[in-house]
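# Per-entry structural report
Listed below, chain by chain, are the residues.
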Amino acid sequence: MKYVKAFSVLLIFGVLSGCGGNVRFQDAPPTPLSNLVEYSINSNIRNETEIFTQAKSIGSSAPIYYFQNFGGGGAGVGLLFGPIGVAANYAMITSNTNSDAAALTGKIQLNPISIAKTALTQNSKFVASTNSTNAFRISPYLMIVKGDNDILQFTTTLDVASGAWKGRYSYHLDFKRPLNNVVSGLGSSDSDLMSSSIEYG
């Protein structure tokens, strides 16, 4: 996976870079004491509310989350109607998010943790560890965000922690689908394509 390769380089050399406007750089991760990176899979690095405000869990037994901010009147509502408009706007967005999340729950039969474990196992720079205090704790998950025209964008992410340090590495998949298509259930070809896209990432 691309982010696994990049992550190994970042950890070994202690270098981080970012892209986009108004970049908030992460602190450099602790430098491993050897060329091997010890890790353990941990699902509790960040709680769900820290991942995205209003994100909803839609994986039956896998860390898959959904986020959208459509359905309200935008910033203009607050300007026109003040606090009441802001509250109404927020309520409409929350209602749409909950409705979409309910329809999407259980529709994606993939497990980001299993895919990440396979990728890490295949990378010789990583060594699985459950007891070492030097191990990096890794929490893989899939974030789904609704864009214009109800098109869903998929992003696979690793939250990483070591001691007090925390970092996040994300990869936008080359895979987009309309909301209704996913709600109807992804076919085997789409599921295979998404899985391979996650692995490639």
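Given the structure is predicted, the values throughout are model-derived calculations rather than measurements.

### What to know about the environment of Ile-198
- Residue position: Ile-198 is located in helix α6 (residues 188–200).
- Using a relative accessible area of 2% as the deciding quantity, one classes Ile-198 as buried.
- Along the sequence, Ile-198 and Asp-174 sit 24 residues apart, while their C-alpha atoms lie 8.9 Å from each other.

### Concerning the pattern of salt bridges
- For the structure on display, the rule yields four salt bridges.
- The partner of Asp-150 in a salt bridge is Lys-146, with the nearest N and O atoms 3.7 Å apart.
- In this structure, Asp-190 and Arg-177 form a salt bridge, with 2.8 Å as the shortest nitrogen-oxygen distance. One end of the pair, Asp-190, is in helix α6; the other, Arg-177, is in strand β7 (residues 165–178), and 13 residues separate them in sequence.

### A word on the pairing of strand β5 (residues 136–146)
- With nine of 11 residues buried, β5 is to be regarded as a mostly interior element.
- As paired strands, strand β3 (residues 64–67) and β5 are joined by four bridges and run parallel to one another. Looking at the pairing, Tyr-65 lines up with Met-143 of β5.
- In this structure, β5 lies alongside strand β6 (residues 151–162), joined through 10 bridges in antiparallel fashion. Across the sheet, Ile-144 pairs through a bridge with Phe-154, a residue of β6.
- Where β5 hands over to β6, the hairpin turn is made up of four residues, of which Asn-149 adopts a positive phi near 60°.

Calculation criteria
Residues numbered from 1 in each chain as written. Predicted model: local features only at pLDDT ≥ 70, side-chain atom pairs only at ≥ 80, totals over all residues. Heavy atoms only, no water. Helix = DSSP H or I, 4+ residues; strand = E, 2+ residues; numbered from the N terminus. Buried < 20%, exposed > 50% of the residue type's maximum accessible area, 1.4 Å probe, protein only. Salt bridge = Lys/Arg side-chain N within 4 Å of Asp/Glu carboxyl O. Pairing = 2+ DSSP bridges.

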